[in-house]
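One-letter residues, chain by chain:
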Amino acid sequence: MPSFTRAVIGTAAVALLATACTGTSSTPQANDDATKDVNLTFWHGWSAPSEAAAIDANVKAFEAKHPNIHVKVVGNINDDKIKQALRAGGANAPDVVSSFTTDNVGTFCASNVFSDLKPFLDKSGIDLDKTFPKPLQDYTQFQGKRCTLPLLNDAYGLYYNKTAFKAAGITAPPKTLSEFDAVAKKLTKVKGDTYSQLGFMPNFHGYESTTTHFAALWNPTYFTPDGKSNLAKDPAFASMLTWQKGLVGQLGGFAKLEKYRATFGDEFGAKNPFHTGQVAMTMDGEWRLGMAREAGVKFDIGVAPFPVPDDQADSYGKGYLSGTVIGIAGTSQKQNAAWELVKFMTTDTDAVVSFANAIHNVPSTLDAIKSPKLTADENFKTFLGIAQHEKSNTTPASPNGGAYQLTLQDFGYAYEAGKVTDLAAGLAKTDEQIDKDLAQAK
């Protein structure tokens, strides 16, 4: 699931999740015997038949290795349902929970909704640095407390229409933003007051063209060491917004681009504007490869890391990362058995690879990324490289989920539309709002 969608869902649920924490301030001790016969309940959010089948296959493989542990799998569970169950506790609550909303990890960890996994990791001798890429370690913990682990990974890069590139005489994908701007302009074909082809849709409503995805190109610092919003002080955010607004102007202006954007089909449908050729380049995750094939796209697709700021050209290859998380419900009385399932699904190389192959996501462990069993053509290998790049990064966890991301995005909407003209003052005001929201969440 795209990360900004995660932020929206996470923020909508975060206040309710906070109320779920009042009865779970102390995690049950892990004193169950995982070698005895036991029944677990595992909740996850996948709903597509192929995704659900992939989860079921992994659980069956786990049960084959642990014949005494029986897992009841319940799919299509959103964070509202998780909240209700963890607030109520009891026999009907899940033991293991997977969530798409990485932005909620701060709430999960700080409130003990999910159990602290460090004792389990230590007991199992799992070296995090040798197991998971650094950005994935970052988004599965909050203020040093690790209550979740990554369960597959999403990496974002540049998709481009090779046929359109060839027609325009462009022989290679751009690597810096100045090159990217020039290519986007060259690929843009104006038709009256609209376009017959747009090189790239830079507006922040342009699906994955979000403030946080663009900001990742500058490796930003969202918060100060004492937890205050850092948008105005870190030049990365002003640089990102200045670049984005400049490209908006070069490609015809905000109003003209918005009018064209209104003709786009659904992001996840066959009429996605990249599928139809309405845009020649787009930012998207690895899942777009499978979607484009299913949509019957008639041109050759190229994939590359998204271009980087010119003064950071040596960091080319990085990108924004996100993913799904999994943890043990703080209310579970079967913590040791639950850990065996979490450990299997997140660290068993064959389990991670089979799941990644089935749902076309990037594996979340270093060994799985390098596994010869992983199905990966040259385009998919690009995302594997992004996932392992030392400069790839993500948005940090916070006490109130993805609220700070939505606040920044709202400011981005206002700035690109010309409703706010003083960038420095606007970022400072956005900081104030984020800090106010964080104070209320504590």
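None of these values were measured; they are calculated from a predicted model.

(A) Expanded view of the domain arrangement of the protein. Domain annotation for the protein reports domain 1 (34-154 + 321-388) and domain 2 (157-319 + 396-441). Taking the mean C-alpha position of each, domain 1 and domain 2 sit 29 Å from one another. Of the residues lining the interface, 20 residues belong to domain 1; the matching set on domain 2 comes to 23 residues. Together domain 1 and domain 2 conceal approximately 1500 Å² of surface at their shared face, both sides included; 58% is due to carbon and sulfur atoms. Its largest share of buried area at the contact with domain 2, domain 1 owes to Asp103, Phe383 and Ile386, together 37% of the area lost on that side.

(B) Main features of empty space enclosed by the protein. Inspection of every chain in the model, using the stated rule, returns two cavities of 30 Å³ or more. Lining the largest cavity are 14 residues, with Gly206, Tyr207, Pro273, Val279 and Thr282 positioned closest to its centre. Top contributing element to the lining of the largest cavity by residue count: strand β9 (residues 279-285), with five residues. Of the residues that constitute the lining of the largest cavity, the class distribution is eight nonpolar, four polar and two charged. Put simply, the second largest cavity is a space of about 30 Å³. Every residue lining the second largest cavity is listed: Thr102, Asp103, Tyr139, Tyr320, Ser322, Thr394, Thr395, Pro396 and Ala397. Residues belonging to the lining of the second largest cavity are distributed by class as follows: four nonpolar, four polar and one charged.

(C) Examining the nonpolar core more closely. Grouped together as the largest cluster of nonpolar side chains are 122 residues, with contacts concentrated most on Phe42, Met281, Phe306 and Trp339. If you count residues domain by domain, this core takes at least three from each of domain 1 (34-154 + 321-388) and domain 2 (157-319 + 396-441). Beyond its immediate chain neighbours, meaning those up to four positions away, Met281 contacts Leu158, Tyr159, Tyr160, Phe165, Phe180, Val183, Ala184, Leu187, Gly199, Phe200 and Phe274.

(D) Examining the state of the cysteines more closely. In total, this model carries one disulfide according to the counting rule given. The disulfide bridge from Cys109 ends at Cys147, spanning 2.2 Å between sulfur atoms. Taking the sign of the S-S torsion, about -90 degrees here, the bridge from Cys109 to Cys147 comes out left-handed. One end of the pair, Cys109, is in helix α4 (residues 105-110); the other, Cys147, is in the loop between β5 (145-146) and β6 (149-161), and 38 residues separate them in sequence. Here Cys109 and Cys147 have matching classes, each one buried.

(E) Local environment of the layout of surface pockets. Computed from the structure, the second largest pocket encloses a volume of approximately 580 Å³. As for the second largest pocket, its lining consists of 30 residues, of which Asp138, Gln141, Phe223, Pro396 and Ala397 are closest to the centre. If you list the elements that add at least two residues to the lining of the second largest pocket, you get α7 (134-139), β4 (141-142) and α18 (378-388). Split into classes, the residues belonging to the lining of the second largest pocket amount to 12 nonpolar, 12 polar and six charged. Split by domain, the lining of the second largest pocket shows at least three residues from each of two domains, domain 1 (34-154 + 321-388) and domain 2 (157-319 + 396-441).

(F) Highlighting the environment of Leu247. Along the polypeptide, Leu247 turns up in helix α11 (residues 235-250). A sequence separation of 70 residues divides Leu247 from Leu177, and the C-alpha atoms of the two residues are 9.8 Å apart.

(G) Main features of the pairing of strand β11 (residues 321-328). In terms of residue burial, β11 counts as a mostly covered element, since eight of its eight residues are buried. The pairing of strand β3 (residues 96-99) with β11 spans four bridges and is classified as antiparallel. By the bridge assignment, Ser99 is partnered in β11 with Val325. Direction of pairing for β6 relative to β11: antiparallel, over a ladder of six bridges. In the sheet register, Leu151 faces β11, and the bridge partner there is Thr324.

(H) Inspection of the packing of helix α2 (residues 49-65) against helix α16 (residues 349-359) at higher detail. Interaxial distance between α2 and α16 falls to 9 Å at its minimum, and their mutual angle equals 165 degrees. Taken together, the axes of α2 and α16 lie roughly antiparallel to each other. In this structure, α2 crosses over α16, and the sense of that crossing is right-handed. Residue-level inspection shows Glu51, Ala54, Ile55 and Asn58 of α2 in contact with α16, the latter providing Ala351, Ser354, Phe355, Ala358 and Ile359. Across the contact of α2 with α16, the residue classes break down as six nonpolar, two polar and one charged.

(I) Focus on helix α9 (residues 177-187). Along α9, the positions that sit buried rather than exposed are Leu177, Phe180, Asp181, Val183, Ala184 and Leu187. Angularly, the buried residues of α9 cover 165 degrees about the axis, an arc narrow enough to put them on a single face. In this structure, the buried side of α9 is in contact with β6, α8 (162-167), β7 (189-191), β8 (194-200), α11 and β9.

(J) Representation of the pairing of β6. Within β6, 13 of the 13 residues are buried, which leaves it mostly tucked inside the rest of the structure. Of the pairings in the sheet, the one linking β6 to β9 comprises five bridges and is antiparallel in character. Across the sheet, residue Tyr160 finds its bridge partner in β9, namely Met281. Strand direction decides the pairing type here: β6 and strand β10 (residues 301-304), joined by four bridges, are antiparallel. What sits directly across from Tyr160, in β10, is Gly302.

Cut-offs and rules
Residues numbered from 1 in each chain as written. Predicted model: local features only at pLDDT ≥ 70, side-chain atom pairs only at ≥ 80, totals over all residues. Heavy atoms only, no water. Domains from an automatic or database assignment. Contact = heavy atoms within 4.5 Å. Buried area = accessible area lost by both parts, 1.4 Å probe. 1 Å grid on protein atoms, 1.4 Å probe; cavity = no way out; pocket = protein on both sides within 12 Å on 5 of 7 lines; lining within 4 Å. Points joined across faces, edges and corners; volume = space filled by probe spheres on them. Helix = DSSP H or I, 4+ residues; strand = E, 2+ residues; numbered from the N terminus. Nonpolar A, V, L, I, M, F, W, Y, C, P; charged D, E, K, R; others polar. Core = buried A, V, L, I, M, F, W, Y, C linked by side-chain atoms within 4.5 Å. Buried < 20%, exposed > 50% of the residue type's maximum accessible area, 1.4 Å probe, protein only. Disulfide = S-S within 2.5 Å. Pairing = 2+ DSSP bridges. Axes fitted to C-alpha atoms, helices over the stretch in contact; angles between N-to-C directions. Parallel < 35°, antiparallel > 145°, perpendicular 65-115°, else oblique. Left-handed = near helix turned anticlockwise from the far one by under 90°. Arc of directions from axis to C-beta.

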